[in-house]
Amino acid sequence: MGPMFLFSANYMRTTAPYYHAVGKEVEVFGHAYQNKIPFLLKGPQVQVNPVS
Amino acid sequence: MAHQLGQTLITISCHEETSSTDLIGRFIIKGAETVWLDGPLTRAVKEGSIIYLDEIAEARPDIIVAIHSLTDHRRELFIDKLGETIKAHPDFMLVASFNPGYQRGFKELKPSTRQRFIAMSFNYPDENIETTILVSESGIEISDARRLVQIGNKIRNLTELGLSETVSTRLLVDAAKLIQSGLPKRLSVKVAVIEPLTDDPDVLQALGDLSDLMI
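Definitions and cut-offs
Residues numbered from 1 in each chain as written. Chains lettered and ligands numbered in written order. Predicted model: local features only at pLDDT ≥ 70, side-chain atom pairs only at ≥ 80, totals over all residues. Heavy atoms only, no water. Helix = DSSP H or I, 4+ residues; strand = E, 2+ residues; numbered from the N terminus. Rg over C-alpha atoms; globule rule 2.2 N^0.38 Å. Buried < 20%, exposed > 50% of the residue type's maximum accessible area, 1.4 Å probe, protein only. Contact = heavy atoms within 4.5 Å. Areas by Shrake-Rupley, 256 points an atom, 1.4 Å probe, with all protein chains shown as cover. Lys, Arg positive; Asp, Glu negative; His and termini not counted. Charge placed at Lys NZ, Arg CZ, Asp CG, Glu CD. Domains from an automatic or database assignment. Pairing = 2+ DSSP bridges. Axes fitted to C-alpha atoms, helices over the stretch in contact; angles between N-to-C directions. Salt bridge = Lys/Arg side-chain N within 4 Å of Asp/Glu carboxyl O. Buried area = accessible area lost by both parts, 1.4 Å probe. Polar contact = N/O pair within 3.5 Å; in protein donor to acceptor, adjacent residues only side chain to side chain. Nonpolar A, V, L, I, M, F, W, Y, C, P; charged D, E, K, R; others polar.

Caption draft 1: The arrangement of the overall build of chain B in detail. Broken down by element type, chain B carries 10 helices and 8 strands. Here chain B has a C-alpha radius of gyration of 22 Å; the compact-globule value for 215 residues is 17 Å, and the former is much larger. Taken over the C-alpha atoms alone, chain B extends approximately 65 × 40 × 40 Å along its principal axes. In chain B, buried positions account for 46% of the 215 residues. Considering only contacts within chain B whose residues lie at least 6 apart along the sequence, 60% involve residues at least 24 apart. In the form shown here, chain B has an accessible surface area of approximately 11100 Å², with 50% of it arising from carbon and sulfur atoms. Here chain B contributes 23 positive and 31 negative side-chain charges, whose respective centroids are spaced 3 Å apart.

Caption draft 2: Structural detail: the overall build of chain A. The helix and strand tally for chain A stands at 1 helix and 1 strand. With 52 residues in all, chain A has 29% of them scored as buried. When the accessible surface of chain A is split by element, carbon and sulfur atoms take 56% of a total near 3700 Å².

Caption draft 3: Examining the domain arrangement of chain B more closely. For chain B, the assigned domains are domain 1 (2-114) and domain 2 (127-214). One C-alpha centre belongs to domain 1 of chain B, the other to domain 2 of chain B, and the line joining them spans 34 Å.

Caption draft 4: Structural detail: the sheet that holds strand β7 (residues 93-98) of chain B. Read across the open sheet, the 5 strands follow the order β1(B)-β4(B)-β7(B)-β1(A)-β8(B); overall the sheet is parallel. Each of the sheet's edge strands pairs with one partner strand only, and the pair in question is β1 (9-13) and β8 (118-121) of chain B. Strand-to-strand twist of the sheet, defined as the mean angle between neighbouring strand axes without regard to direction, takes the value 20°. Pairing between strand β1 (residues 39-42) of chain A and β8(B): 4 bridges, direction parallel. By the bridge assignment, Phe39(A) is partnered in β8(B) with Ile118(B).

Caption draft 5: View of the pairing of strand β5 (residues 76-79) of chain B. All names here are of chain B. With 4 bridges connecting them, β5 and strand β6 (residues 84-87) associate as antiparallel partners. Within β6, the residue paired with Glu-76 across the bridge is Lys-87. Linkage of β5 to β6, two consecutive antiparallel strands, is achieved through a turn of 4 residues, within which Gly-83 is found at a positive phi near 65°.

Caption draft 6: Just the pattern of salt bridges, in detail. All names here are of chain B. Inspection of the entire model under this criterion finds 12 salt bridges over all chains. Here Arg-60 makes a salt bridge to Glu-17, at a shortest N to O gap of 3.9 Å. Here Glu-17 lies in the loop between β1 and α2 (20-24) and Arg-60 lies in the loop between β4 (50-54) and α4 (61-68), a separation of 43 residues in the sequence. In this structure Arg-60 comes out as partly exposed when scored by relative accessible area, which is 36%. Arg-146 serves as the salt-bridge partner of Glu-127, at 3.5 Å between the closest nitrogen and oxygen. You can see Glu-127 sitting in helix α6 (residues 127-138) and its partner Arg-146 sitting in helix α7 (residues 142-156), a full 19 residues away along the chain. Taken together, the shared-partner salt bridges in this structure form one network comprising Asp-72, Arg-74 and Arg-116.

Caption draft 7: Up close: the interface of chain B and chain A. With 54 residues of chain B at the contact, the number on the chain A side is 40 residues. Roughly 4500 Å² is buried in total at the junction of chain B and chain A, and carbon and sulfur atoms are behind 69% of that figure. It is Ile118(B), Met120(B) and Phe122(B) that lose the most area in chain B upon contact with chain A, and together they represent 16% of the buried surface on that side. Between the two partners, chain B and chain A, sit 0 salt bridges. Between the two partners, chain B and chain A, sit 13 residue pairs in polar contact (both at pLDDT 80 or more). Breaking the side of chain B that touches chain A down by element, the ones donating at least two residues are α1 (2-5), β1, α3 (40-47), β7, β8 and α6 of chain B. Looking at which element gives the most residues to the side of chain B that touches chain A, the answer is β7(B), with 6 residues. Residues that form the side of chain B that touches chain A fall into these classes: 29 nonpolar, 16 polar and 9 charged.

What follows is the structure in structure tokens.
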């Protein structure tokens, strides 16, 4: 059984969360939203050098 | 961005058991009858919300199949259990994230799925920005914030330790909050940054020694 989702105004955040842009992501996202193009965020590369 | 755009944001943290049923919906027993319950994706498609599929590469393949028709010109969702296709609300938008890895064991997105999105890489913020984030999120002194960021960057560069996850900004913010609330600095780094990263006693010792030297 997967998660059930409770949608309620009580759980909606009404204040702006803190966010510090690190690049052009805000501008790019704005345009992606305007054009409704799906947006993929690629997180930091996980670099693993196996211990030999 | 959702707040700035005045849109509802629905976040789904995907894991290896997350299936299309979890996202699209299911029949549930209610009293003596069976009723259909929309999942979060169906609801977002109908109401025009932004849906964020965090760690999409972890989800089961049927989710990828389910979103394909939402990520091209059709912008529609097929609900197989109802035999219905619904058109997406004009405000609906799909956002997804994953952490690319180039070692075995990390799940990747298929090229046929990736090319349906525009994409941006997010690396760790540079030292000044990450320091600002820590100060803003915790109220910590800037000198302590900078030390935490330096510890984080040092550990991120220690790829020879074989850590499968490294220091996120979130872990550094947690350490900063603990320091700000009065926990000793070294103990804060140990419990918020080092212990979450590994269970290997030698690596724990090495990272502990490193952080004790730096803060």
